[in-house]
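# Structural description and commentary
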Amino acid sequence: MNKSSKLVMVAAMIVMALFAVGCTSTDDGDVAEEVVEDVAEDVAEDVVEDADEDEDEDIDAPTSLNLYNWSEYIDPELLVKFEEETGIKIVEDTFGSNEDLLGKLQGGATGYDVIVPSDYMVDIMIQEGLLAELDHSQLTTLGDLDPTWTDPPFDPGMGHCMPYFWGTTGIGFNWNDWDEAPDSWAYIFDPELAAEFDGQISFLDDMRETIGAALIYLGYSLNTVDEAELQEAKDVILAVKPYLSSFDSDNFEDTLLTGETRLVMGWSGDIFTAQLEDENIDYIIPDEGAAKWMDNLCITADAGADPGRYANAHLFIDFMNRPDIAAQNTNWVWYGSPNKSAESMINPEILSYPAIYPDAETFAKLEWFVNVGDSTELYSRIWTEISTE
Ligand code: SPD
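Residues numbered from 1 in each chain as written. Predicted model: local features only at pLDDT ≥ 70, side-chain atom pairs only at ≥ 80, totals over all residues.

## Comments concerning the overall build of the chain
Within the chain one finds 17 helices and 10 strands. Per-residue burial for the chain yields a buried fraction of 39% across its 389 residues. Taking all contacts inside the chain whose residues are at least 6 apart in sequence as the whole, residues at least 24 apart take part in 73%. (Helix = DSSP H or I, 4+ residues; strand = E, 2+ residues; numbered from the N terminus. Buried ≥ 20, exposed ≤ 12 C-beta atoms within 10 Å, placed from the backbone. Contact = placed C-beta atoms within 7 Å.)

## A look at the nonpolar core
Within the largest apolar cluster, 95 residues are counted, with the highest numbers of intra-cluster contacts made by Val114, Ile188, Ala214, Leu297, Cys298, Ile299 and Ala313. Here Ile188 is in contact with Ile171, Ala194, Ile201, Val240, Leu263 and Met265, once residues within four sequence places are set aside. (Core = buried A, V, L, I, M, F, W, Y, C linked by C-beta atoms within 7 Å.)

## What about helix α4 (residues 98-106)?
Where α4 is concerned, the buried positions are Asn98, Leu101 and Leu105. With its buried residues spanning 65° around the axis, α4 presents them on a single face. Exposed and oriented more than 90 degrees from the buried face of α4 are Gly103 and Gln106. Of the surrounding elements, those touching the buried residues of α4 are β1 (64-70), β2 (89-95), β3 (114-115) and α5 (119-127). Remark: Gly108 follows α4 within two positions and exhibits a positive phi of approximately 100°. (Arc of directions from axis to C-beta.)

## Here's the deal with the packing of helix α9 (residues 227-240) against helix α17 (residues 376-388)
Across the interface, α9 lies against α17 with an axial gap of 10 Å and an inter-helix angle of 20°. Between α9 and α17, the interaxial angle falls into the category roughly parallel. In terms of crossing hand, the pair formed by α9 and α17 is right-handed. Along its contact with α9, which presents Glu227, Leu230, Lys234, Ile237 and Leu238, the element α17 presents Leu378, Ile382, Glu385 and Ile386. (Axes fitted to C-alpha atoms, helices over the stretch in contact; angles between N-to-C directions. Parallel < 35°, antiparallel > 145°, perpendicular 65-115°, else oblique. Left-handed = near helix turned anticlockwise from the far one by under 90°.)

## Examining the confidence of the model for the chain
Put simply, the chain has an average pLDDT of 88, and 85% of its residues get 70 or more. In this model residues 1-56 is a low-confidence stretch, pLDDT under 50, and it forms 20 contacts with partners more than four residues away in sequence or in other chains. (pLDDT = per-residue confidence, 0-100.)

## Regarding the pairing of strand β7 (residues 263-267)
The buried fraction of β7 is high, at 5 of 5 residues. Where burial is concerned, the two faces of β7 agree: the one with Leu263, Met265 and Trp267 and the one with Val264 and Gly266 are both buried. As paired strands, strand β5 (residues 201-203) and β7 are joined by 2 bridges and run parallel to one another. Residue Ile201 lies in a different strand from β7, and its bridge partner there is Leu263. (Pairing = 2+ DSSP bridges.)

## Let's talk about the environment of Asp100
Inspection of the secondary structure puts Asp100 in helix α4. Taking the C-beta count within 10 Å as the criterion, Asp100 has 14 such neighbours and is therefore assigned partly exposed. Here the alpha-carbon distance between Asp100 and Asp206, two residues 106 residues apart in the chain, equals 9.1 Å.

## Some remarks on the environment of Ala327
With respect to the helices and strands, the residue Ala327 is situated in helix α14 (residues 323-333). In this structure, Ala327 is in contact with Ala342, Met345 and Ile346, ignoring residues within four places of it in sequence.

## Some thoughts on helix α11 (residues 268-275)
Most of α11 is tucked away: 6 of the 8 residues are buried. Within the span of α11, buried status applies to Ser268, Gly269, Asp270, Ile271, Phe272 and Ala274. Looking at the buried positions of α11, the neighbouring elements they touch are β4 (161-174), α10 (252-258), β7, β8 (281-284) and α14.

## Notes on unusual backbone geometry
The backbone phi angle of Glu72 is positive, close to 55°, even though this residue is not glycine. You can see Glu72 is positioned in the loop between β1 and α3 (76-86). The phi torsion at Trp334 lies on the positive side, around 60°, for a residue other than glycine. Note that Trp334 resides in the loop between α14 and α15 (348-351). For Trp334, a count of 25 C-beta atoms within 10 Å gives the class buried.

## Things to note about the pairing of β2
Bridge analysis of β1 against β2 gives 7 bridges, and the strand direction is parallel. Bridged to Trp70 within β2 is Phe95. In this region the chain leaves β1, passes through α3 and returns to the parallel neighbour β2; the handedness of that crossover is right-handed. (Right-handed = clockwise from strand over helix to strand, strands pointing away.)

## Some details on the packing of helix α8 (residues 207-217) against α17
Where α8 contacts α17, the two axes come as close as 10 Å, and the packing angle between them is 85°. Judged on the interaxial angle alone, α17 and α8 are roughly perpendicular. Taking contact as the criterion, the partners of Met207, Arg208 and Ile211 in α8 are, on α17, Tyr379, Ser380, Ile382 and Trp383. Split by residue class, the contact of α8 with α17 holds 5 nonpolar, 1 polar and 1 charged. (Nonpolar A, V, L, I, M, F, W, Y, C, P; charged D, E, K, R; others polar.)

## A look at the environment of Leu238
Along the chain, the position of Leu238 falls in helix α9. Under the C-beta neighbour-count criterion, Leu238 is labelled partly exposed, with 13 such atoms within 10 Å. As for Leu238 and Pro191, which are separated by 47 residues in sequence, their C-alpha atoms are 9.8 Å apart. Sequence-distant contacts of Leu238, defined by excluding residues within four places in its chain, comprise Ile386 and Glu389.

Listed below in structure tokens is the structure:
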């Protein structure tokens, strides 16, 4: 019952009490007053108790939600649509790597409601207590997910996050430079080959991605914790560093479009969206193999502690996983969607693109990132050495 209904009810009860008093003691004003006072007191107490209970039930939800996302990773039209449907405005901020995201939260940033960490980072964040658990009862679209993605090892049973998109990390190039597509990481890691594109190559500004690609080039696992292998990867990266224009995770597709770069280490979908603007731009998964990753919609522990923010975050996550919305988003970002029900609405070109939905043979050459535990420090140290040498 809402507050105004309660007031009507109180008034009605007082009138009924007066009527009852009037019927039994028409000429005894004192008794009538006492009865009315008693009834009014009881009713008032009840109303105050009910109101207290209701304060717990009625969630005072904010009218905005803070999303911390990778750049160019959501169709802007959907932000407008969500606000139209719910009245909740999405305020988006972007990050360039999982480590930047982690650093921000560890640094005490509060206010972010929904964040988009990848696989291994979800594992780290769960262990660090940075994520709220998902309340599956507040989600209506779980059944729309392809079962392949609903029990990821980094977040069993989707206890904390909803899968968002998956993709691969490979090489973006311009067909103007090639008769046959570059098919090996050697084109950016072998100094002799890289020298041909001196100053026009970019690597991801992302410790796990760039070290991981060098490890794969060397024939190692991108999750190795072997210090000697990591040192080798560092040496490979340092040997070609003089030929790099930048470490860039935000604009690599744009520099490829402008011609500022001619070979980039990059994420599949971003390069395919550049291809929409210039058909000479293309993307390959090198023969040696590559990284595959899954990004996820998760609620921060901070938002989880506030019932209003927590409820809004579920509304947003559920909205993003609604099949029509997931399809529209996929058609904008060009990454693989974990939403099975969305498939019939996804651009068939995306579904049939082998570098977005790789065949079984290619898929077998891809490796997921996992949390390397204490060896994360070793990766960080090596990354700092790469960045500063
Ligand atoms: N445009 C942003 C694409 C985000 C890709 N996710 C990166 C995963 C890193 N392992």
